[in-house]
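Coordinate inspection notes
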Amino acid sequence: MTTKLREVDVVIVGLGWTGGILSKELAEAGLKVVALERGAPRSSESDYSLPNIRDELRYVVRHDLMQNTARDTITVRNNPQQEALPMRRLGSFLPGEVVGGSGVHWSGHTWRWTDMEFKIRSNYEERYGKKFIPDDMTIQDWGISYAELEPYYDKFEYTAAVSGKAGNIGGRIQAGGNPFEAPRTRDYPLPPLTPILASEMFTDAARNAGYHPFPRPSANASQPYTNPDGAKFGGCQYCGYCQRFGCEANAKGSPHMTVIPIAMRNPNFELRTHSWVTKVLKDSDGKRVTGVTYTNVLNGEEFEQPANIVLLCAYAINNVHLMLLSGLGQPYDPVAQTGVIGKNYCYQTGAAATLFFEGKYFNPFMNAGGSNATIDDFNTNWAFDRAPLNFVGGYNLSGGFNTPLPIGYRPVPSGTPQWGSDWKRATAKWYQTAMVINASGSVMANRYNCYDLDPTYRNAFGQPLMRMTFDYRDNEHKMGRHAAQIVNDIAKSMNPTRLNAASARTDPWTVVPYQSTHNTGGTIMGTNPRDSAVNRYLQSWDCHNLFVVGANVFPHNSSYNPTGPVGALAYWTADAIRNRYVKNPGPLVQA
Amino acid sequence: MTGQEFDRRGFLKSAVVVGAAAASAATIASPEVAQAEAPAAATPSAGPDAADYAFFNLDEAAFIEALVDHMIPADEVSPKGTDLGVNVYIDRALAGSWGKGDRLYMQGPWKQGAPSQGYQLPLTPAQLYRAGIAATNAHCLKAYGKTFDRIEGAQREEVLISLSTGKISFDNGLPVRVFWTTLYQTVIEGMFSDPIYGGNRNKAGWAIIGFPGIIAVHRDHVEQYRGKPFPTKPLGISDMS
Ligand SMILES: Cc1cc2nc3c(=O)[nH]c(=O)nc-3n(C[C@H](O)[C@H](O)[C@H](O)COP(=O)(O)OP(=O)(O)OC[C@H]3O[C@@H](n4cnc5c(N)ncnc54)[C@H](O)[C@@H]3O)c2cc1C
Ligand code: SF4
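Quick notes on the rules
Residues numbered from 1 in each chain as written. Chains lettered and ligands numbered in written order. Predicted model: local features only at pLDDT ≥ 70, side-chain atom pairs only at ≥ 80, totals over all residues. Heavy atoms only, no water. Buried < 20%, exposed > 50% of the residue type's maximum accessible area, 1.4 Å probe, protein only. Helix = DSSP H or I, 4+ residues; strand = E, 2+ residues; numbered from the N terminus. Contact = heavy atoms within 4.5 Å. Near = heavy atom within 4 Å. Nonpolar A, V, L, I, M, F, W, Y, C, P; charged D, E, K, R; others polar. Pairing = 2+ DSSP bridges. Core = buried A, V, L, I, M, F, W, Y, C linked by side-chain atoms within 4.5 Å. Salt bridge = Lys/Arg side-chain N within 4 Å of Asp/Glu carboxyl O. Expected span 1.5 Å × (residues − 1).

Right, let's get into helix 6 (residues 86-95) of chain B. Along helix 6 of chain B, eight of the 10 residues are buried, which leaves the element largely enclosed by surrounding structure. All of the buried residues along helix 6 of chain B are Val86, Asn87, Val88, Tyr89, Ile90, Asp91, Ala93 and Leu94 of chain B. Where helix 6 of chain B is buried, its residues contact helix 2 (56-61) of chain A together with helix 4 (58-71), helix 5 (81-84), helix 7 (125-144) and helix 9 (176-192) of chain B.

Another aspect to go through is the site of ligand 2. Around ligand 2 sit 13 residues in total, of which Cys236, Gln237, Cys239, Cys242 and Cys247 of chain A are the nearest. When grouped by side-chain class, the residues that make up the shell around ligand 2 number eight nonpolar, four polar and one charged.

As a further point, take the sheet that holds strand 18 (residues 395-400) of chain A. Residue and element names in this part refer to chain A. Taken in spatial order, the six strands make up an open sheet running 8-17-18-19-16-22, and their pairing is antiparallel. Two strands lie at the open edges of the sheet, namely strand 8 (214-215) and strand 22 (498-500), each paired on one side alone. One ladder, built from three bridges, connects strand 16 (residues 349-356) with strand 22; its direction is antiparallel. Note that in strand 22 the partner of Phe356 across the bridge is Arg498.

Our focus in this paragraph is the nonpolar core. In terms of nonpolar packing, the biggest core is built from 132 residues, with Met435 and Ile490 of chain A together with Phe56, Leu67 and Ile90 of chain B touching the most fellow members. With 10 residues, helix 9 of chain B is the largest single contributor of residues to this core. Those residues in contact with Ile490 of chain A that lie beyond four places of it in its chain are Phe202, Ala205, Tyr211, Ile375, Leu397 and Ile437 of chain A.

Turning to the pattern of salt bridges, a few remarks are in order. Here the structure, examined in full by the defined rule, presents 36 salt bridges over all chains. As a salt-bridge pair, Arg536 of chain A and Glu148 of chain A come within 2.2 Å of each other at their nearest N and O atoms. With Arg536 of chain A in the loop between strand 23 (520-522) and strand 24 (546-548) and Glu148 of chain A in helix 6 (residues 146-160), the pair connects residues that are 388 residues apart, well separated along the chain. Asp171 of chain B is paired through a salt bridge with Lys142 of chain B; the nearest N and O atoms lie 3.0 Å apart. Of the two residues, Asp171 of chain B is situated in the loop between helix 8 (153-165) and helix 9 and Lys142 of chain B in helix 7; the sequence distance between them amounts to 29 residues. In this structure Lys142 of chain B comes out as exposed when scored by relative accessible area, which is 63%. It is possible to trace a salt-bridge network through shared partners that takes in Lys24, Glu25, Glu28, Lys155, Asp229 and Arg578 of chain A.

This brings us to helix 9 of chain B. In this model, helix 9 of chain B (17 residues) spans 24 Å end to end at C-alpha, consistent with the 24 Å of a helix rising 1.5 Å per residue. Of all 17 residues making up helix 9 of chain B, 14 are buried, and the element is well covered by its neighbours.

In structure tokens:
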């Protein structure tokens with residue numbers, strides 16, 4: 001039996017970065033907001049504190065803060081000819097399942113995606129001609145511009161305490177920043193993090209090669225900070241336990257210590273944890289949604305929560321799943337190329353080299369989530385000519401470390417045995433004396449990379465799992481080869497004692513090991529309902545009181561981490577709802 | 001060496017009071033680790049005692065002890081695997097929720113799939129381990145006439161190379177690659193996870209690589225120790241609780 005609850009103005013599904021931002025903004029606008037979060041409440045004081053938060057086994061290996069695949073997962077395959085099988089445990093990506101979502105255990109790298117992405121098809125067609133884009137590459141313009149989003153990027157950066165160095169303020173290039181970034185109105189709220197040796201060495205090598213290195217902008221507060229909402233940050237401790245952990249120092253910009261507690265203090269806001277949303281309910285005329293159903297996972301009780309506005313903020317993958325489960329919009333068919341829900345799933349690619357320097361102490365454990373130095377010469381640099389290389393997109397390169405903890409990170413030169421005394425000696429010798437150069441590359445949308453509902457496997461609620469069909473295409477392989485070569489050129493110029501060179505990936509995408517939680521697409525944004533699921537305000541073309549917020553609206557994936565535009569779009573959507581939609585409910589863009 | 005282990009196991013099997021067979025509890029630390037750990041070494045945590053196993057039976061215990069001591073031999077770098085408690089770590093991990101399949105999606109139908117689709121066996125980690133040890137021992141019996149714990153070091157090396165390169169296949173149908181991946185990962189975890197889980201005894205795994213453990217207030221250290229070794233006496237969770 002389902003208990004029907006009293007209607008509220010807004011129901012928000014999922015309370016991570018996007019849900020947190022929208023909860024705060026809409027409760028402040030006077031709307032009655034209920035947030036339904038499947039995970040448990042966790043706090044910095046009780047859960048992300050010393051000593052227990054510093055536990056690599058629990059948080060990195062056993063996924064303590066992350067989605068429990070026993071309850072819900074996806075099925076995966078590389079192409080439509082293959083039979084999809086369930087991702088039986090997490091691997092390639094690690095979506096969160098606690099209050100704060102993945103925003104608790106992210107690293108904090110925060111980028112501004114530019115018109116190079118938002119106008120991708122126009123840009124490439126104009127410069128290289130229509131034929132440059134392969135037929136099966138289903139990229140499209142997003143329907144927004146950088147200039148429109150700029151104030152919202154700014155708002156997100158100041159909320160999340162991003163440390164960095166501006167490269168372009170109002171069109172004036174700033175020394176030490178990223179010269180290829182789009183103009184910003186002001187600098188980051190905090191100066192860059194103190195560089196570690198690895199990022200300094202990478203910076204020197206990149207500069208000597210004629211590139212333009214800069215410190216990676218990251219939501220790791222380089223100094224104590226109070227954000228515009230009054231949330232207090234400690235200074236980053238370079239603790240090395242950043243990605244996949246909650247921050248003990250309260251220095252990592254996260255929803256559970258910024259937007260969520262502010263929403264919680266507002267009487268218009270109510271949070272229900274352990275509340276698993278199973279479906280969005282459609283009105284009989286199909287033009288509106290009426291609310292959601294959810295299950296209290298502590299006792300199995302089912303509820304219907306009616307609402308005037310439904311916001312899906314359940315992370316990029318889960319948002320698409322909920323759309324498909326609820327029969328909202330037309331499911332995408334890659335053969336007929338009809339429908340939109342499930343279309344343009346994208347991921348990222350990369351290539352990495354490990355450099356060994358005998359006797360040089362990098363102290364990898366002293367490292368912030370974003371201590372790496374970066375170059376964008378092959379990314380947002382439009383002067384970098386793609387014609388001879390024949391690929392669309394780009395990659396950024398960085399030098400430093402990722403999660404340099406010893407279960408997962410023990411670099412040894414290739415050819416070292418995997419066990420025994422020689423292995424131990426090499427492990428002891430090189431743990432502190434190696435560094436990594438990593439390329440992170442974009443993935444362009446492809447007709448056959450998509451989601452739909454799996455015909456066989458079900459979740460704990462008896463619903464079909466979502467099926468992911470994904471593989472890298474020729475475009476990514478070409479880019480990967482170029483990236484590997486540039487990584488190796490820079491690496492060799494640094495004269496390491498030993499080098500595990502980067503190689504372009506040739507194998508299919510695999511569900512293990514961890515690659516990145518940068519899944520995009522599935523309910524993409526665009527300028528018309530034929531090519532997209534939502535309009536530029538992330539509003540469903542089919543049901544005007546449904547908004548789908550997250551990287552699921554990205555029509556393709558860039559080489560950058562996604563949360564800069566995810567956060568900015570959440571603020572942008574909040575503004576559209578507060579200032580326009582509430583006054584005059586209906587489509588914000590005419591189809 | 002091998003004979004000694006055989007005797008101990010034979011004795012344990014027939015012993016009425018298993019506790020009487022408690023192996024020496026002393027941790028044999030290498031000189032370096034002993035130095036770094038001088039005060040701690042005086043109060044070593046209890047050594048692996050057959051009676052302490054929560055998951056492994058005696059055959060499996062003999063296998064795992066032989067395995068971790070082969071993979072992590074005592075040398076100038078560190079004490080051997082059993083002295084690091086790697087076997088104890090693995091036993092507890094398998095007996096606990098992870099071993100029982102916590103967070104593992106366990107609904108059929110079961111297909112092997114492509115390697116890119118990840119783990120697809122209808123087995124919890126504990127069941128996988130049990131079947132894998134049995135299969136490895138069956139292989140050893142066939143190849144050498146003895147189980148893994150009773151063969152010579154060079155033969156053990158040969159077995160591990162076969163497992164890691166997938167050169168052999170198991171008669172019971174278990175995919176060698178999947179067993180090896182799990183086996184290897186758990187040995188690494190036992191060497192480098194926090195000592196609260198039973199392995200990495202005296203933080204010796206961390207000490208050999210200079211990893212400081214949980215103390216990570218490096219705000220001032222980044223500049224102070226840039227390019228210089230950081231003096232490390234690693235601390236674990238229980239040191240701060
Ligand atoms: C290890 C890691 C490192 C990362 N590093 C970076 C980085 O450096 N830079 C960057 O830009 N991005 C990074 N990311 C990605 C970043 O965390 C996400 O982009 C961001 O958190 C997305 O916000 P969101 O609101 O869409 O989803 P989330 O923050 O994940 O929040 C979604 C919430 O919805 C809940 N939910 C899901 N389904 C349901 C349901 N059916 N019912 C109720 N609740 C539900 C979830 O439990 C979760 O709490 C990283 C992610 C991970 C995992
Ligand atoms: S590196 Fe800095 S921001 Fe990240 S968890 Fe540690 S203290 Fe927090």
